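Chain residues, written in single-letter form:
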Amino acid sequence: MTLPSVSQLKSQAKRLRSALAAKGQELSHSQALELLSAQYGFKDWNTACATAARPNRRPFAVGDRVSGRYLKQPFEGEILSLTRVGPAGHYRVTLQFDTAVDVVTFDSFSAFRSRVTCLVGPEGTAVKCTSDGEPHLTMQSAE
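First, a word on what this report is: a plain description of the structure on this page. Please read all numbers here as calculations on a predicted model, not as lab measurements. (Residues numbered from 1 in each chain as written. Predicted model: local features only at pLDDT ≥ 70, side-chain atom pairs only at ≥ 80, totals over all residues. Heavy atoms only, no water.)

On to the packing of helix α1 (residues 6-22) against helix α3 (residues 45-53). Orientation of α1 relative to α3, taken along the N-to-C sense of each, is 140°, at an axis distance of 9 Å. In terms of orientation, α1 and α3 fall into the oblique class. Contacts from Val 6, Leu 9 and Lys 10 in α1 reach Trp 45, Cys 49, Ala 52 and Ala 53 in α3. (Axes fitted to C-alpha atoms, helices over the stretch in contact; angles between N-to-C directions. Helix = DSSP H or I, 4+ residues; strand = E, 2+ residues; numbered from the N terminus. Parallel < 35°, antiparallel > 145°, perpendicular 65-115°, else oblique. Contact = heavy atoms within 4.5 Å.)

See below:
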């Protein structure tokens with residue numbers, strides 16, 4: 001789930017207030033903003049607002065559907081974990097593949113992976129590469 005812009009978050013808060021008011025539950029606008037912030041995983045509205053206003057927001061989010069290649073094998077899956085690592089814009093990402101990926105190219109041996117963790121740049125390409133120079137992982141939004 002990608003974080004919407006500040007104006008989209010404020011619109012969501014207005015809709016939440018209206019929906020709850022229709023059911024007899026009064027909620028201030030600031031309370032609605034705090035609830036939305038928690039829904040997106042932030043401790044408060046100020047943190048969510050600052051993140052949403054940043055021009056370099058995370059290109060991916062936990063729960064996003066992604067596709068790409070892992071050790072040269074195609075995959076589709078879901079982001080289970082995403083953590084920013086250092087000031088260079090790298091992220092430690094954990095993916096759950098829809099179908100296990102065979103990471104061995106040798107014909108008489110197989111090693112399947114269904115969950116992997118990798119260090120990627122903001123564009124979704126792994127920092128580390130195989131011996132022939134291919135990134136371990138390349139991913140893009142599946143939408």
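Right, picking up where we left off after that structure.
Moving on, we come to the environment of Glu 123. Position of Glu 123 among the secondary structure elements: in the loop between β4 (112-120) and β5 (137-141). What makes Glu 123 exposed here is its relative accessible area of 51%. With 17 residues separating them along the chain, Glu 123 and Gln 140 place their C-alpha atoms 7.9 Å apart. Setting aside residues up to four positions removed in sequence, Glu 123 forms contacts with Phe 60 and Met 139. (Buried < 20%, exposed > 50% of the residue type's maximum accessible area, 1.4 Å probe, protein only.)

What follows is about the environment of Val 104. Relative to the helices and strands, Val 104 is located in the loop between β3 (90-102) and β4. With relative accessibility at 22%, the residue Val 104 sits in the partly exposed group. Considered as a pair, Val 104 and Gln 73 are 31 residues apart in the sequence and their alpha carbons are 9.5 Å apart. In contact with Val 104, other than residues within four places in its own chain, are Phe 109, Ser 110 and Ala 111.

Turning next to the environment of Phe 112. Position of Phe 112 among the secondary structure elements: in strand β4. Judged by relative accessible area, Phe 112 falls into the exposed class, the value being 52%. C-alpha of Phe 112 to C-alpha of His 29: the two residues are 83 residues apart in sequence and 49 Å apart in space. Discounting chain neighbours no more than four positions away, the residues touching Phe 112 are Ala 100, Val 101 and Asp 102.

What is shown is where atoms sit, not what they do.
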